[in-house]
Amino acid sequence: MPQPLKIAIAGALGRMGRQMAETIAADQRLELVARFHRPGSVGEGLVERDEALALADVVIDFTTPAASAELAKACAARGGPALVIGSTGFTPPELAAIAEAAKTIAIVRSGSYSLGLNTLTGLVEQAARALRHDDCDIEILEAHHRFKVDAPSGTALMLGEAAARGRGIELDDVARRARDGLLGPRGAGEIGFAVLRGGGIVGEHSVSFLAEGEMLTLSHAAGDRSMFARGAIAAALWVARRPPGEYDMRDVLGFGAV
C-alpha cells in the first residue's frame with residue numbers, strides 16, 4: 001500500500017476545518033499531520049503555520065481571502081507544499097498574489113468543491129451558449145447560512161463566469177449584483193445575482209434562463225459540508241502530483257484542458 005498523503009489543515013477551528021479533519025481521519029489514503037489556525041491560536045493539538053508547512057505534502061485551506069493569499073505566499077517561499085484553496089470573495093490583489101505563488105507551487109482554487117456543482121457549471125455554460133441573450137435573460141440565485149461574509153457567493157460567481165463563457169463575454173461587463181430603486185427595464189444581456197442569507201443553509205444555487213413564455217432553471221442544493229470535504233480531498237490527491245500552476249475543479253475532474 002502506498003504511503004498516505006500528508007495533509008495539513010488551515011483554519012482548523014472553523015466549520016470546514018473541523019469537517020475536513022473528520023473526513024481525512026476516515027480516509028486511509030491520507031494522514032492528517034498538522035492543524036493550524038490564526039497566529040497565536042492554542043489548544044486542540046494546533047501547531048504554528050511554519051511547522052505545519054514543513055510536515056505536509058498538501059495544505060487544505062478554507063479560511064479567508066486575505067489569509068489564503070498569505071498562505072499561498074508562504075508555501076511558495078519554501079517551495080511547497082501544494083495548496084487547495086476553498087476561500088471565496090478575493091480582491092484582485094489577492095488573486096494576483098495567488099497567481100504569483102502558482103508559478104512556484106501547484107494550487108487548486110475553486111468556488112466550490114462539490115462534484116454536483118461543478119457538473120452544474122458545465123450545464124450552465126452549455127445552456128448559455130444555446131440560449132441567445134436577445135431571447136433569454138439569466139438570473140442567479142444563491143442562499144447560505146447567516147454567518148457567510150461574502151456575497152454573491154464564490155459559487156454564484158463561478159456559475160456567472162460559466163454563463164458568460166457560454167456567451168463569449170466577460171462577466172464583469174454584464175453582471176448586475178444588486179437592484180434597488182427605480183432602475184428602469186432590465187438591461188439586455190445582463191446576468192443578475194440575488195442573495196439570501198439566514199439560518200443554517202449550507203448552500204443552494206440556481207440559474208434561471210427566462211424567455212417569453214418559458215423558463216429553464218438548473219439548480220443544486222448542498223445537504224451538508226461533507227460533500228465539500230470529499231471534493232477537497234479529491235483535489236488534494238490530484239494536485240500533489242501536478243507541476244506548478246493554478247488549477248480548478250474542472251481540471252481535477254478532467255473537464256478542463258490541463
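Look up: the structure comes first, before these words.
Keep in mind that what you see is a predicted model, and the values were worked out from it rather than measured.

Cut-offs applied
- Residues numbered from 1 in each chain as written.
- Predicted model: local features only at pLDDT ≥ 70, side-chain atom pairs only at ≥ 80, totals over all residues.
- Heavy atoms only, no water.
- Salt bridge = Lys/Arg side-chain N within 4 Å of Asp/Glu carboxyl O.
- Helix = DSSP H or I, 4+ residues; strand = E, 2+ residues; numbered from the N terminus.
- Buried < 20%, exposed > 50% of the residue type's maximum accessible area, 1.4 Å probe, protein only.
- Contact = heavy atoms within 4.5 Å.
- Axes fitted to C-alpha atoms, helices over the stretch in contact; angles between N-to-C directions.
- Parallel < 35°, antiparallel > 145°, perpendicular 65-115°, else oblique.
- Left-handed = near helix turned anticlockwise from the far one by under 90°.
- Nonpolar A, V, L, I, M, F, W, Y, C, P; charged D, E, K, R; others polar.
- Pairing = 2+ DSSP bridges.

Examining the pattern of salt bridges
At step 1: On inspection of all chains with the given rule, the structure shows 16 salt bridges.
At step 2: Across the pair E142 and R197 runs a salt bridge, and its minimum N-O distance is 2.7 Å. Residue E142 is found in strand β6 (residues 137-144), and its partner R197 is found in strand β8 (residues 191-197); the two are separated by 55 residues along the sequence.
At step 3: R197 sits in the partly exposed class, given a relative accessible area of 31%.
At step 4: Here the salt bridges do not stand alone but share partners, grouping D137, E139, R176, R179, R186 and E190 into one network.

Description of helix α1 (residues 15-25)
At step 1: For α1, the full list of buried residues reads M16, G17, Q19, M20, A21, T23 and I24.
At step 2: Taken together, the buried residues of α1 touch β1 (5-10), β2 (30-36), β3 (58-61) and α8 (226-239).

Some thoughts on the packing of helix α3 (residues 65-77) against helix α4 (residues 92-101)
Angle between the axes and distance between the axes are the two parameters that describe a pair of packed helices.
At step 1: α4 packs onto α3 with a crossing angle of 20° between their chain directions and a minimal axis gap of 9 Å. Looking at the two axes, α3 sits roughly parallel to α4. Here the hand of the crossing between α3 and α4 comes out left-handed. Touching P65, A66, A69, A72, K73 and A76 of α3 are E94, A97, I98 and A101, all from α4.
At step 2: Along the lines of polarity and charge, the residues of the contact of α3 with α4 split into eight nonpolar, no polar and two charged.

Here we look at the environment of L159
At step 1: You can see L159 is positioned in helix α6 (residues 154-167).
At step 2: Sequence spacing of L159 and A175 is 16 residues, and the spatial spacing of their C-alpha atoms is 12 Å.
At step 3: If near-sequence neighbours (up to four positions away) are discounted, L159 is found in contact with L120, T121, V124, I140, H205 and V207.

Re the sheet that holds strand β9 (residues 204-211)
At step 1: Spatial ordering of the open sheet is given by β7-β8-β6-β9-β10, a layout of five strands whose pairing is mixed. Lying at the two open borders of the sheet, with one neighbouring strand each, are β7 (175-176) and β10 (214-221).
At step 2: Bridge count between β9 and β10: eight bridges; the pairing is antiparallel. Residue pairing across strands places E204 opposite A221, the latter belonging to β10.

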